[in-house]
Amino acid sequence: MSQKITELATELVTPIVEKLGLELVDVEFVKEGKNWFLRVYIDSTGGVDIEECGTVSEQLSEKLDELDPIEQPYFLEVSSPGVERPLKKSEDVKNAIGKNVNVKLYEPINGEKVYEGLLKDFDGETLFMEIRVKTQVKKVELPYKKVANARLAVVF
C-alpha cells in the first residue's frame, strides 16, 4: 500500500515540481507512531525556500484531494532534503563528485558495509572514494549495484 501511494504521489508531484524548475529528490509515505506522513523532498541548485515548498504543497494537496487515494488520515510535508540529502539516482551520485558521502552497502566489501569519505569519481558502475582510516587515506572502489543507499555527509 505504501509503495502505491508513493508512486501515485510521485506521478502527481513531478509535473508540479518540473513546472517550477525544481528537482524532485524523494517521496515517502511512512508511519511514525500513530500518524502517517506523506513526505516530498524538493531541491534546486540554489536550494529551496519556504514559499516554494508551500506552492508545491498547495498544488499537490489539491490533486490529492481530487483523487482521494489515501484512506487513512495523514500529514503532507514538503521540504528540502537538507544538507545530508539522499543520493537516489546515479545522476545524484555524479553530482556529488568532490563531496563527502556516506554509502551503505547490501553486503560487506572488505568486511565493511558502511563507507564515508570523499567521492572522487563515479563512472556509472563504480564509486571511487577516498576514506580515512585512522591517520591514513585509502582508496576504495564500490560497485554501484551493491549500494543500498547513499547520502551527502557533513564533515565537522
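Residues numbered from 1 in each chain as written. Predicted model: local features only at pLDDT ≥ 70, side-chain atom pairs only at ≥ 80, totals over all residues. Heavy atoms only, no water.

Asker: Would you mind showing me how to read the packing of aromatic side chains here?
Answerer: By the definition in use, this model includes 4 aromatic pairs. Residues Phe29 and Tyr74 carry aromatic rings whose centres are separated by 6.3 Å and whose planes lie at 75 degrees to one another, so their mutual orientation is edge-to-face. With Phe29 in strand β1 (residues 23-32) and Tyr74 in the loop between α2 (50-67) and β3 (75-79), this residue pair connects regions lying 45 residues apart in the sequence. For Phe29, a relative accessible area of 3% puts it in the buried group. (Phe/Tyr/Trp six-rings, centres within 6.5 Å; stacked < 30°, edge-to-face > 60°. Helix = DSSP H or I, 4+ residues; strand = E, 2+ residues; numbered from the N terminus. Buried < 20%, exposed > 50% of the residue type's maximum accessible area, 1.4 Å probe, protein only.)

Asker: I tried to follow the environment of Glu141 on my own but got confused; where do I start?
Answerer: Relative to the elements of secondary structure, Glu141 occurs in strand β7 (residues 136-143). You can call Glu141 exposed: its relative accessible area is 54%. On a C-alpha basis, the gap between Glu141 and Ser2 in space is 34 Å, while along the polypeptide they are 139 residues apart. Beyond its immediate chain neighbours, meaning those up to four positions away, Glu141 contacts Thr126, Leu127 and Phe128. (Contact = heavy atoms within 4.5 Å.)

Asker: Even after reading the chapter, I still don't get the pairing of strand β4 (residues 100-109), so can you show me in this structure?
Answerer: Of the pairings in the sheet, the one linking β4 to strand β5 (residues 112-122) comprises 6 bridges and is antiparallel in character. In the strand pairing of β5, Lys104 is matched with Val114. Turn length for the β4-β5 hairpin, with the two strands adjacent in sequence and antiparallel, is 2 residues, and the turn residue Asn110 shows positive phi of about 55 degrees. By the bridge criterion, 5 bridges tie β4 to strand β8 (residues 147-152) in an arrangement that is antiparallel. Each bridged residue has a counterpart across the sheet, and for Val101 the counterpart in β8 is Leu152. (Pairing = 2+ DSSP bridges.)

Asker: Whenever I open this one, the pairing of β3 confuses me. Can you help?
Answerer: On any regular strand, side chains alternate: one points to one face of the sheet, the next to the other face. For strand β2 (residues 35-43) and β3, the ladder comprises 5 bridges, and the chain directions are parallel. In the strand pairing of β3, Tyr41 is matched with Ser79.

Asker: It is not clear to me how the sheet that holds β7 should be interpreted in this structure. Could you clarify?
Answerer: Sheet strands pair via backbone hydrogen bonds, and the direction of the pair is either parallel or antiparallel. Read across the sheet, 5 strands follow the order β7-β6-β5-β4-β8 without closing on themselves; strand pairing throughout is antiparallel. Of all strands in the sheet, those with a lone pairing partner are β7 and β8, marking the two edges. The mean angle between the axes of side-by-side strands here comes to 40 degrees, regardless of whether they run parallel or antiparallel. Pairing between β5 and strand β6 (residues 126-133): 5 bridges, direction antiparallel. Within the sheet, the bridge partner assigned to Phe122 lies in β6 and is Leu127. (Axes fitted to C-alpha atoms, helices over the stretch in contact; angles between N-to-C directions.)

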